[in-house]
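# Fold and geometry: a report
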Amino acid sequence: MSRKREPSQYFDGSLDSEIDPKPSNSSVRGRIHREIEHGRFLAEHGAGEIWNWEGPAGKQRWTRRVKMLSNHLRTGMSVLELGCGTGYFTGELARSGADIVAVDVSPELLEIAKVDCAVANGRYEIQNACALSYPDAVFDSVIGSSVLHHLEIQEALREIYRVLKPGGTIYFTEPNMLNPQIAIQKNIPWVKRKLGDSADETAFFRWPLRRLLQQTGFRDVRIEPFDFLHPRTPLPVVNQLNALGRFLENVPVISEFAGSLYIRAVKLSSTMIIQTEEAKDRAATLRNRARLGANKNLLFWYRELYRDQFKNFPDPAALSVLEVGSGTSPLKQFLSNVVTSDVLDLDYLDLVFDCHEIDKLEAIRDGSLDVMTLTNVLHHLKSPITFLNRAAGKLKPGGKVIATEPFFSLLSTPIFKSPILKYLHHEPVDFGISEPELKNVRGPLASANIALPWLIFFRKHEWLRRLNASYDLESLSLRFFSSLSYMLTGGISHRLPIPRFIYSALFPIDLALSRSFPGFCAAFFTVTLTRR
């Protein structure tokens, strides 16, 4: 399939000019030039041999990848194949009946593909994957084998996302940087040259790549290690080692060191994204509610918090109370007269509505509430200032908003912010925001910035003053609540086996420390706002 040829047989040097990477990006331009040179080298020396597709093990690996990349293809689909090279995969992909547009940066490799792998339902084009010439949303799928690791990955993923239709999919197979041979091959220059790699190609760790795909906008991202079969495996043992490799792919930990990654993801429409995120958040809320109910120390922590929130009211049971964001909250276990609410449609709630539109909520009369309470909710709201101003209309004159949120002290900041301790608190922290709003809004739980309330009430006084028309800021109350006691419960996701009697005995000490030395050890604060 991959014959060696003299460049003069097929190469027109003017084709170089057809690739026009973003002119201002010299690094992309240099990388494109080096990949074109590498394509010329592959064409002259036999791409199939260099890519290891020609031997018995290579053919088995190739066959498996063809299936991985083509199983989802159907007649009539519009498919973009990136980095098609000499058409090794294109001809087989075209058997699906899909319309294939196969692109590469190398004119030499494309000329070989046009001769060796011409297909009626496919065409070959010179394209820069980081600056595709196609309109937005034209392809049902974008696929490729061993191509992404040659590219400026962030720019390439943005272009792939752009040309995909809503509901479109990506399927790629790429080298796995955790594999010892791949790690050596991609990081030691002389080994790269010896094995025929291009100067810029690399490999991927699957976790950072997953995050990058998600940040680009892809959903349902799945990246699975596979392939322990070395392409140079001798024929007599190919089948045995292939069977062993398939077994190892299912062994935890060991599977992570496989040679390749199988990458799949979907571009959702805005409506599909909202529906998907809401479904995930609903499932997560139900799961977290069950976990909280089983964590007796965490229930104790919440009970003490609610007692502290309502301690200045002689008879909390006589109040008209609305809780916003009740999805996981156990408040109603301790205060039965509370009206629960959330944006998620959960069957145990009294009200379901978007709190940003609370001023339009007819179920709660204007000027009827004594208290509106929120626990770890403000940092999930797109615009907490807007919400608080609109919420004031539902309160009686003198009515209270009571909200508890994370506080950033010397002790708590590493817990909330450090990647090492993210298992205790996984939500984003961004101190650098220019407005008191969330930058990225997805689902109710997925959207968050736990620094936002702290910035409003402790750092950005100009933001706080935006509440002055609705609330008496002179009477604003800020109380600190707990230090390590929340973390010692393990939180919702990680229950710690501390005996209840020990935990309850230590809690008052922890609470006293947080109030005596808040800048050093407080982890939460409760703010009370009074309506004018």
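Preceding this section is the structure that the text describes.
Before going into details, it helps to say that this report is about the structure given with it. Fair warning: this is a prediction, and the values are worked out from it, not measured in the lab.

Parameters and conventions
- Residues numbered from 1 in each chain as written.
- Predicted model: local features only at pLDDT ≥ 70, side-chain atom pairs only at ≥ 80, totals over all residues.
- Heavy atoms only, no water.
- Core = buried A, V, L, I, M, F, W, Y, C linked by side-chain atoms within 4.5 Å.
- Buried < 20%, exposed > 50% of the residue type's maximum accessible area, 1.4 Å probe, protein only.
- Helix = DSSP H or I, 4+ residues; strand = E, 2+ residues; numbered from the N terminus.
- Contact = heavy atoms within 4.5 Å.
- Polar contact = N/O pair within 3.5 Å; in protein donor to acceptor, adjacent residues only side chain to side chain.
- Salt bridge = Lys/Arg side-chain N within 4 Å of Asp/Glu carboxyl O.
- Disulfide = S-S within 2.5 Å.
- Pairing = 2+ DSSP bridges.
- Axes fitted to C-alpha atoms, helices over the stretch in contact; angles between N-to-C directions.
- Patch = residues over 30% accessible without salt bridge, like charges linked within 9 Å, V, L, I, M, F, W, Y side chains within 5 Å.
- Areas by Shrake-Rupley, 256 points an atom, 1.4 Å probe, with all protein chains shown as cover.
- Arc of directions from axis to C-beta.

Attention now moves to the nonpolar core. Ranked by internal contacts, the top residues of the largest apolar core, which has 72 residues, are Met372, Phe387, Phe457 and Tyr471. In terms of residue count, helix α12 (residues 296-309) provides more of this core than any other element does, 7 residues in total. In contact with Phe457, not counting residues within four places along its chain, are Leu378, Leu388, Leu464, Leu467, Leu476, Leu478, Phe525, Val527 and Leu529. Residues Phe139, Val142, Val163 and Phe172 belong to the second largest nonpolar core, which totals 32 residues.

Turning our eyes to something else, we now look at the environment of Arg162. Within the fold, Arg162 resides in helix α6 (residues 153-163). Excluding residues that lie within four positions of it along the chain, Arg162 makes contacts with Leu132, Tyr134, Pro135, Asp136, Ala137 and Lys267. Of the polar contacts made by the side chain of Arg162, one reaches the backbone oxygen of Leu132; its length is 3.1 Å.

Before going further, it helps to examine the pattern of salt bridges. Under the definition given, this model contains 27 salt bridges. When the shortest N-O distance is used, the salt bridge between Arg264 and Glu224 registers 2.5 Å. Here Arg264, found in strand β7 (residues 260-266), pairs with Glu224, found in strand β6 (residues 219-226); they are 40 residues apart in sequence, far enough to count as distant. On the basis of relative accessible area, Arg264 is assigned to the buried category, the value being 11%. Since its relative accessible area comes to 36%, Glu224 is described here as partly exposed.

Here we come to the state of the cysteines. A covalent bond between the sulfur atoms of two cysteines is what we call a disulfide. Scanning the model with the defined rule gives 0 disulfides in all. For the unlinked cysteine Cys117, the closest cysteine sulfur is that of Cys84, found at 9.1 Å.

Here we take up the sheet that holds strand β9 (residues 339-342). Strand order in the open sheet formed by 7 strands is β10-β9-β8-β11-β12-β14-β13, and the pairing between neighbours is mixed. Edge strands, defined here as strands with exactly one partner in the open sheet, are β10 (351-352) and β13 (477-481). Here strand β11 (residues 369-375) pairs with strand β12 (residues 395-406) via 6 bridges, running parallel. Bridge pairing in β12 links Val371 to Lys400. In this fold helix α14 (residues 384-391) packs onto β8 (321-324), β11, β12 and β14 (524-530), with an angle of close to 160° to the strand it touches most, β11.

Before going further, it helps to examine the environment of Asn52. With respect to the helices, strands and loops of the structure, Asn52 is situated in the loop between α2 (47-50) and α3 (56-70). The class of Asn52 is buried, set by a relative accessible area of 18%. Residues Asn52 and Pro231, 179 residues apart in the sequence, show an inter-C-alpha distance of 5.9 Å. Among all residues touching Asn52, those that are not within four sequence positions of it are Gly58, Pro231 and Arg232.

Looking now at a nonpolar patch on the surface. A grouping of Leu410, Phe501, Ile502, Leu506, Ile509, Leu513, Phe517 and Phe520 is seen on the molecular surface, where their side chains present a nonpolar patch of about 840 Å² in accessible area. The greatest single-element share of the nonpolar patch, amounting to 5 residues, is contributed by helix α19 (residues 500-516). Summarising the element assignment, Ile502 is placed in helix α19. By relative accessible area, which is 33% here, Ile502 ends up partly exposed.

With respect to the helices and strands, Asn176 occurs in the loop between β5 (164-175) and α7 (180-187). A distance of 2.7 Å separates a polar atom in the side chain of Asn176 from the backbone oxygen of Glu256. Each residue touching Asn176, except ones within four places of it in the same chain, is listed here: Ile182, Ala203, Phe204, Pro225, Glu256, Phe257, Ala258, Gly259, Ser260 and Leu261.

Once that is clear, we can look at α7. Side chains of residues three or four places apart in an α-helix project in the same direction, reflecting 3.6 residues per turn. Regarding α7, the residues found buried are Ile182, Gln185 and Lys186. When α7 is viewed along its axis, its buried side chains cluster within an angular range of 90° and face the same direction. Taken together, the buried residues of α7 touch β5 and α8 (189-195). A distance of 3.1 Å separates the backbone nitrogen of Gln181 from a side-chain oxygen at the start of α7, and that oxygen is part of Asn179.

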